[in-house]
Amino acid sequence: MTLLTTHKLFNGEQRRYRHYSHYNQCDMTFSVYLPSRALQGYRLPVLYCLGGLTCTDENFSVKSGAQRFAAEWGIVLVMPDTSPRGTDVADADVYNLGQGAGFYLNATRQPWAQHYQMYDYVVTELPELIEKHFSVNEQRSLCGHSMGGHGALMIALKNPQRYVAVSAFAPIAHPVAGAWGQTAFSTYLGANQQDWAAYDSTELISRYPFSLPVLIDQGSVDEYYPEQLNPQDFVQAAKAKAKGINIRYQLRENYDHSYYFVSTFIESHISFHAEAFGL
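The paragraphs below set out a description of the structure included in this document. All figures in this text were calculated on a predicted structure; none of them were measured in a lab.

Overview of helix α3 (residues 66-73)
Phase 1 of the analysis: All buried positions along α3 are accounted for by Ala 66, Gln 67, Phe 69 and Ala 70. For α3, the arc enclosing every buried residue in end-on projection is 165 degrees, short of the 170-degree limit, so these residues lie on one face.
Phase 2 of the analysis: Those residues of α3 hidden inside the fold are in contact with β1 (2-9), β2 (12-21), β3 (26-34), α2 (58-63), β5 (76-80) and α10 (259-277).
Phase 3 of the analysis: Two residues or fewer past α3, Gly 74 is found with a positive phi of approximately 80 degrees.

Considerations on the environment of Glu 253
Phase 1 of the analysis: Secondary-structure assignment places Glu 253 in the loop between β9 (247-252) and α10.
Phase 2 of the analysis: Put simply, Glu 253 and Pro 209 are 44 residues apart on the chain and 32 Å apart in space, counted from C-alpha to C-alpha.

Notes on the nonpolar core
Phase 1 of the analysis: With 90 residues, the main nonpolar core has Phe 30, Leu 77, Phe 103 and Tyr 188 as its most contacted residues.
Phase 2 of the analysis: In contact with Tyr 188, not counting residues within four places along its chain, are Leu 97, Gly 98, Ala 101, Gly 102, Phe 103, Leu 105, Ala 107, Thr 108, Arg 109, Trp 112 and Tyr 116.

Structural notes on the layout of surface pockets
Phase 1 of the analysis: A volume near 220 Å³ is recorded for the largest pocket.
Phase 2 of the analysis: Surrounding the largest pocket, 14 residues form its lining, Leu 53, Thr 54, Ser 146, Tyr 224 and His 257 being those nearest its centre.
Phase 3 of the analysis: Looking at the lining of the largest pocket residue by residue, the class counts come to 6 nonpolar, 6 polar and 2 charged.

Thoughts on the environment of Gly 149
Phase 1 of the analysis: With respect to the element layout, Gly 149 can be found in helix α5 (residues 147-158).
Phase 2 of the analysis: With 20 residues separating them in the primary sequence, Gly 149 and Phe 169 have C-alpha atoms 6.1 Å apart.
Phase 3 of the analysis: Excluding anything up to four places from it in sequence, Gly 149 contacts Gly 144, Ala 168 and Pro 171.

Topic: the sheet that holds strand β8 (residues 214-219)
Phase 1 of the analysis: The strand order across the open sheet formed by 9 strands is β1-β2-β3-β5-β4-β6-β7-β8-β9, and the pairing between neighbours is mixed. Each having just a single partner strand, β1 and β9 make up the two edges of the open sheet. The mean inter-strand angle of the sheet, taken between neighbouring strand axes irrespective of direction, is 20 degrees.
Phase 2 of the analysis: One ladder, built from 4 bridges, connects β3 with β5; its direction is antiparallel. What sits directly across from Val 32, in β5, is Val 78.
Phase 3 of the analysis: With respect to the sheet, α5 is in contact with β4 (44-50), β6 (136-145), β7 (166-169) and β8, its orientation differing from that of β6 by roughly 135 degrees.
Phase 4 of the analysis: Contacts between α10 and the sheet are confined to β4, β5, β6, β7, β8 and β9, with β7 contributing the most and set at about 175 degrees to the helix.

The rules we used
Residues numbered from 1 in each chain as written. Predicted model: local features only at pLDDT ≥ 70, side-chain atom pairs only at ≥ 80, totals over all residues. Heavy atoms only, no water. Buried < 20%, exposed > 50% of the residue type's maximum accessible area, 1.4 Å probe, protein only. Helix = DSSP H or I, 4+ residues; strand = E, 2+ residues; numbered from the N terminus. Arc of directions from axis to C-beta. Contact = heavy atoms within 4.5 Å. Core = buried A, V, L, I, M, F, W, Y, C linked by side-chain atoms within 4.5 Å. 1 Å grid on protein atoms, 1.4 Å probe; cavity = no way out; pocket = protein on both sides within 12 Å on 5 of 7 lines; lining within 4 Å. Points joined across faces, edges and corners; volume = space filled by probe spheres on them. Nonpolar A, V, L, I, M, F, W, Y, C, P; charged D, E, K, R; others polar. Pairing = 2+ DSSP bridges. Axes fitted to C-alpha atoms, helices over the stretch in contact; angles between N-to-C directions.

This is the structure:
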């Protein structure tokens with residue numbers, strides 16, 4: 001890993017690294033916030049924070065305000081990039097495909113399949129790197145915004161043994177039902193909608209046993225709600241699936257899709273994960 005930047009923040013350190021990804025076959029960047037206790041050698045739990053369309057690893061670290069509360073609870077924050085990048089990495093001339101729009105899946109169609117293996121990167125490669133190089137314990141949790149909310153919910157549903165909880169801000173919760181998801185899935189995965197369902201949270205919650213605590217916040221004046229996001233579909237499917245699913249869904253009046261919305265409610269999300277970690 002190559003350390004790119006370091007900033008002192010709430011007595012901890014906000015760092016940014018570059019490393020070579022064997023899954024994505026290119027250099028990747030990620031940001032990490034290490035509370036002071038991690039710097040002192042205490043092994044802390046990790047919250048993976050997944051960004052949305054057009055974002056890099058820095059959007060969440062700069063705009064969310066999460067570090068203040070992570071410092072208070074003693075939680076390491078890890079913020080991956082949203083896609084592979086580079087001059088030899090496939091891209092598109094629209095914001096919702098290509099670099100900055102990896103959708104946290106493993107692409108199977110060319111030219112995307114060579115580099116766009118974001119699911120394996122987030123689930124396997126990045127945690128191995130974090131657990132090798134930083135003072136963390138075996139507890140992991142997931143949070144995401146928009147496309148990152150899709151990634152967080154989907155990854156938790158497919159890997160409930162790896163995480164203790166999942167939360168999302170304005171997630172693309174039923175991508176097969178919206179234009180963003182349909183475009184991305186058909187481009188990266190092809191025309192077979194059974195392949196799409198493997199990365200759709202609403203489809204997955206209907207098919208797999210799941211009992212992790214879930215927190216979803218949605219702004220009522222979000223310009224992409226409900227047509228692109230469809231969080232209500234996920235909530236309805238979860239409630240229909242089993243009475244035991246612990247899901248909290250909150251529609252926040254007059255909030256939009258921006259990081260102003262995220263930063264307003266990030267404290268409650270960090271507290272939610274702290275409770276799941278047993279802090």
